[in-house]
Amino acid sequence: NLVGSRCGEDRRGPPQSCSHAPFPPRLPQDIQWSPTEATVFASCSADKTIGIWDVRKRDGTAIAVEAHAADVNVMSWNAQVSYLLVSGADDGSFKVWDLR
């Protein structure tokens with residue numbers, strides 16, 4: 001693909017339809033480090049998931065769940081209770097997660 005071109009675009013004509021996503025499905029929308037665990041962070045993605053990651057593990061997430069019915073684009077650890085995480089989605093819903 002040429003820089004600035006769209007999927008299937010012939011520069012002499014209109015863009016063609018695409019059969020693949022424009023970015024990987026797990027592209028993070030937000031990343032937050034744990035307030036108490038120096039090697040742990042949470043991520044949320046456009047594929048409706050949240051993940052809890054530990055950088056000491058080479059094989060990926062410790063926890064990954066489909067969290068919402070829509071794209072998850074924001075989350076935050078609770079500053080007072082370290083095992084609580086809140087996530088919010090494009091449909092206006094939010095959830096509080098107890099990670100114990």
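Residues numbered from 1 in each chain as written. Predicted model: local features only at pLDDT ≥ 70, side-chain atom pairs only at ≥ 80, totals over all residues. Heavy atoms only, no water.

Focus: the overall build of the chain
When helices and strands are tallied, the chain shows zero helices and seven strands. The order of helices and strands in the chain, counted from the N terminus, is β-β-β-β-β-β-β. Burial statistics for the chain: of 100 residues in total, 27% are counted as buried. For the chain, the share of sequence-separated contacts (at least 6 apart) that also reach a separation of at least 24 residues comes to 25%. (Helix = DSSP H or I, 4+ residues; strand = E, 2+ residues; numbered from the N terminus. Buried < 20%, exposed > 50% of the residue type's maximum accessible area, 1.4 Å probe, protein only. Contact = heavy atoms within 4.5 Å.)

Considering the packing of aromatic side chains
The final tally for this structure, using the stated rule, is two aromatic pairs. For the ring pair Phe41 and Trp53, a centre distance of 6.1 Å and an interplane angle of 10 degrees mean the geometry is stacked. Of this pair, Phe41 sits in strand β2 (residues 40-45) while Trp53 sits in strand β3 (residues 49-54), and the two are 12 residues apart along the sequence. Looking at Trp53, the relative accessible area reads 25%, which means it is partly exposed. (Phe/Tyr/Trp six-rings, centres within 6.5 Å; stacked < 30°, edge-to-face > 60°.)

Looking at the nonpolar core
Across soluble globular proteins, you tend to see nonpolar side chains buried next to one another. In terms of nonpolar packing, the biggest core is built from 10 residues, these being Val40, Ala42, Cys44, Ile50, Ile52, Ala67, Val72, Met75, Trp77 and Leu85. For this core, the secondary-structure elements that each account for two or more residues are β2, β3 and β5 (72-77). Those residues in contact with Trp77 that sit more than four places away from it in its chain are Gln32, Trp33, Ser34, Pro35, Val40, Phe41, Ala42, Ile52, Ser82, Leu84, Leu85 and Leu99. (Core = buried A, V, L, I, M, F, W, Y, C linked by side-chain atoms within 4.5 Å.)

Remarks on the environment of Thr39
Topologically, Thr39 is positioned in the loop between β1 (28-33) and β2. Along the sequence, Thr39 and Trp53 sit 14 residues apart, while their C-alpha atoms lie 8.2 Å from each other. Residues contacting Thr39, with those up to four places away along its chain left out, are Trp33, Trp53, Asp54, Val55 and Arg56. Engagement of the side chain of Thr39 in a polar contact is seen with the side chain of Asp54, the distance being 3.2 Å. (Polar contact = N/O pair within 3.5 Å; in protein donor to acceptor, adjacent residues only side chain to side chain.)

Details of the environment of Arg56
With respect to the helices, strands and loops of the structure, Arg56 is situated in the loop between β3 and β4 (61-66). Look at Arg56 and you get exposed, because its relative accessible area is 60%. Only 3.3 Å separates the side chain of Arg56 from the side chain of Thr39, close enough to count as a polar contact. Within polar-contact distance, the side chain of Arg56 engages the side chain of Asp54 at 2.6 Å.

Quick word on the confidence of the model for the chain
Caution applies to low-pLDDT parts of the model: their predicted coordinates are not meant to be read in detail. Summary statistics for the chain give a mean pLDDT of 77 and a share of 72% for residues scoring 70 or more. Below pLDDT 50 for its whole length, residues 1-24 participates in 15 contacts with residues either more than four positions away or in separate chains. (pLDDT = per-residue confidence, 0-100.)

A few points about the side chain of Asp54
The residue Asp54 is located in strand β3 in this model. Taking relative accessible area as the criterion, Asp54 reaches 11% and is therefore assigned buried. In this view, Asp54 contacts Thr39 and Val40; residues no more than four positions away in its chain are not counted.

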